[in-house]
Structures are given as structure tokens and as C-alpha cells.
Amino acid sequence: MTSPRPAGAVRHPGRPGQGRSGGSGSQGQWPMPDRSIIGTVLGIPPVAALGVAVAFTGLGVLIDVLRSGTAGIVFKVGFFTGCLLAVMWVRRRSLFLPIVQPPLLVAVLVPVMVLLVGPSRSGGGTTETLLLVGAPLINSFPTMATTTAVVVGIGIARLLLQRNDDPELRLGRLAGRDRAAQGRGGPAGRAPGRREPKPTVAEEARRRAREKRLEAERAGREGGRVSDPRGSGGARGEGRTSRSPRQS
């Protein structure tokens, strides 16, 4: 035997596919501008994506410099992994920064890390410093080019495939256009082919009362004209009779 439901309890049926996450849309997916490469995973801001790439790249450079004095295989793996995670995890509307960041990371982060934690050489001049910084840059160029090509390809694929074509978003846009057209009103704001809304009961009653009042006023004016046909004629007759003795 089931217990009766309280009178004040209101049951709100949930949409199919919507889980506990209240912000997700149809089939548990997030809105298209906020998605990552996976529709059910919320994307991160561009600053967070940049932080992911910097963390992986910096850790790889640090390990390699401390181990061998230059950027090596650990840097390459960390750099590729960080840039790949950034472009896949960032939200769809913020793809620009993760796409252009691989060359910037190599050009800025690698020299800084090498100068900070690299082997100290006493008596080295400018030429030795340039060689110390330039060697890792030259060695990492193939990795940078490959990573940039992969990241740009993933970014372009996301821009082409992840479009605002959700049914809910499309229905929302259509409903917004209908409300805007209805709010403007008039021939210019009315959508072509749409019928005018039917008047309500109160509007129809006011219209009928106005018509009856106008008919009563019109009938009263016409009745006044008919009931006093002798007004002008009687006055003229009296004038004639009053003038007749003078004429005699």
C-alpha cells in the first residue's frame, strides 16, 4: 500500500537524459559554447587552459634541465600533452588562446627555465648565454611544429563540428523571435502569414458596450431632429404673422 502524497507536494517531471547537473541540457550535455571536446564535460576558461599547458611544459623543462642540462624527451612529452589537453578541455567559445599558445610557450618558457635552473658557467659571455638558450630552442623546433599542427587541427575541427545546433537552443531562438515580433506589433512587426490574436472576453464585452452606446447616441440625435420639425418653421411663421399688421 502506497502512502498518499501530501496535498502541497508538486511533482516536477524531469526531462529525459538530464541528470543531477542542473546546468546540462538535453541528454546530459552542456550548452555548446561551454562544452569541452566532450559534450558531457564542462569546458574550462582560457586562462585555466593556459595554466594546464604551462604546468606540463614547465615541469618537463625542469626535469630535463636538472637531469641533462637541456630540454629533452620529458619536455617534449610534457609540452605535447599540455597543449593537447588545453585545446581539448577549453570551452568551445575560447579556442583562440589554446590554438596560438604552442609557439609562445616554446619561445618564452623554455629560455626562462633554462636560464633559471640551467647549469651555471662562470666567465661565460653573451655568446655562451645565447648558445645555452638557443640550443634547446633549436632542438625543440620539430616538436613545436608538430604540436602546433595537431592543436590547430583539433581547434578547427571543434569550430566546424561543435556548432550551435542544439534543438533546445534552436527552439529558444525561434520563441524569442516570435515574442519580439509580437511585442513590436503593427504591420511592420507582424510576421508574414501569422493571424492576429483573438480578442478576450473582456475586450469583446467592452467593444459591444461601446457600439451600443454609440448607437444610442446616434438614435437620440436623430430622434431630436424628428421630434422638433416645427422649430425653425414655427419661428418663421410667427415672424410672418407679427409682420403682417405692419404691412397692412
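Residues numbered from 1 in each chain as written. Predicted model: local features only at pLDDT ≥ 70, side-chain atom pairs only at ≥ 80, totals over all residues. Heavy atoms only, no water.

## Topic: the overall build of the protein chain
Here's step 1: Helix and strand counts for the protein chain stand at nine helices and zero strands.
Here's step 2: The order of helices and strands in the protein chain, counted from the N terminus, is α-α-α-α-α-α-α-α-α.
Here's step 3: When each of the 248 residues of the protein chain is scored for burial, the buried share is 25%.
Here's step 4: Roughly 17,400 Å² of accessible area belongs to the protein chain as shown, and the carbon and sulfur atoms make up 61% of that amount. (Helix = DSSP H or I, 4+ residues; strand = E, 2+ residues; numbered from the N terminus. Buried < 20%, exposed > 50% of the residue type's maximum accessible area, 1.4 Å probe, protein only. Areas by Shrake-Rupley, 256 points an atom, 1.4 Å probe, with all protein chains shown as cover.)

## Details of the side chain of Thr57
Here's step 1: Of note, Thr57 is situated in helix 1 (residues 46–68).
Here's step 2: With relative accessibility at 0%, the residue Thr57 sits in the buried group.
Here's step 3: Aside from chain neighbours lying at most four places away, what touches Thr57 is Phe75, Gly78, Phe79, Leu105 and Leu109. (Contact = heavy atoms within 4.5 Å.)

## Brief notes about helix 5 (residues 141–161)
Here's step 1: The end-to-end C-alpha distance of helix 5 is 30 Å, a good match for the 30 Å that 21 residues give at a rise of 1.5 Å each.
Here's step 2: Residues of helix 5 that are buried include every one of Thr143, Met144, Thr147, Thr148, Val151, Ile154, Gly155 and Arg158, and no others. Along the axis of helix 5, the buried positions cluster into a sector of 135 degrees, meaning they face one direction only. Residues of helix 5 that are exposed and point more than 90 degrees away from the buried face comprise Ala149, Leu160 and Leu161.
Here's step 3: Next to the buried residues of helix 5 lie helix 2 (73–89) and helix 3 (96–117). (Expected span 1.5 Å × (residues − 1). Arc of directions from axis to C-beta.)

## A few points about the pattern of salt bridges
Here's step 1: For the structure shown, the criterion picks out five salt bridges.
Here's step 2: When the shortest N-O distance is used, the salt bridge between Arg208 and Glu204 registers 3.6 Å. Residue Arg208 and its partner Glu204 are located together in helix 8 (residues 201–227), separated by four residues, close to a single helical turn.
Here's step 3: Owing to a relative accessible area of 21%, Glu204 belongs among the partly exposed residues under this scheme.
Here's step 4: Among the charged side chains, a network of salt bridges with common partners joins Glu204, Arg207, Arg208 and Glu211. (Salt bridge = Lys/Arg side-chain N within 4 Å of Asp/Glu carboxyl O.)

## Considering the packing of helix 1 against helix 2
Here's step 1: One way to put it is that helix 1 packs onto helix 2 with a least axis distance of 7 Å and a crossing angle of 175 degrees. What the angle tells us is that helix 1 and helix 2 run roughly antiparallel. Counting all contacts with helix 1, which are made through Ala49, Val52, Ala53, Phe56, Thr57, Gly60, Val61, Ile63, Asp64 and Arg67, the residues of helix 2 involved are Ile73, Val74, Phe75, Gly78, Phe79, Thr81, Gly82, Cys83, Leu85 and Ala86. (Axes fitted to C-alpha atoms, helices over the stretch in contact; angles between N-to-C directions. Parallel < 35°, antiparallel > 145°, perpendicular 65-115°, else oblique.)

## Observations regarding a nonpolar patch on the surface
Here's step 1: On the surface, Ile37, Ile38, Val41 and Trp89 cluster together to form a nonpolar patch covering roughly 340 Å² of accessible area.
Here's step 2: Following the sequence through the fold, Ile38 ends up in the segment before helix 1. (Patch = residues over 30% accessible without salt bridge, like charges linked within 9 Å, V, L, I, M, F, W, Y side chains within 5 Å.)

## Looking at helix 3
Here's step 1: If you check helix 3, its first and last C-alpha atoms are 31 Å apart, about what 22 residues at 1.5 Å a residue would give, namely 32 Å.
Here's step 2: The largest bend in helix 3 is about 45 degrees, located at Pro102.
Here's step 3: Within helix 3, burial applies to Pro98, Ile99, Gln101, Pro102, Leu105, Val106, Leu109, Val110, Pro111, Met113 and Val114.
Here's step 4: Looking at the buried positions of helix 3, the neighbouring elements they touch are helix 1, helix 2, helix 4 (126–139) and helix 5. (Bend = angle between axes of the 7 residues up to and from the residue.)

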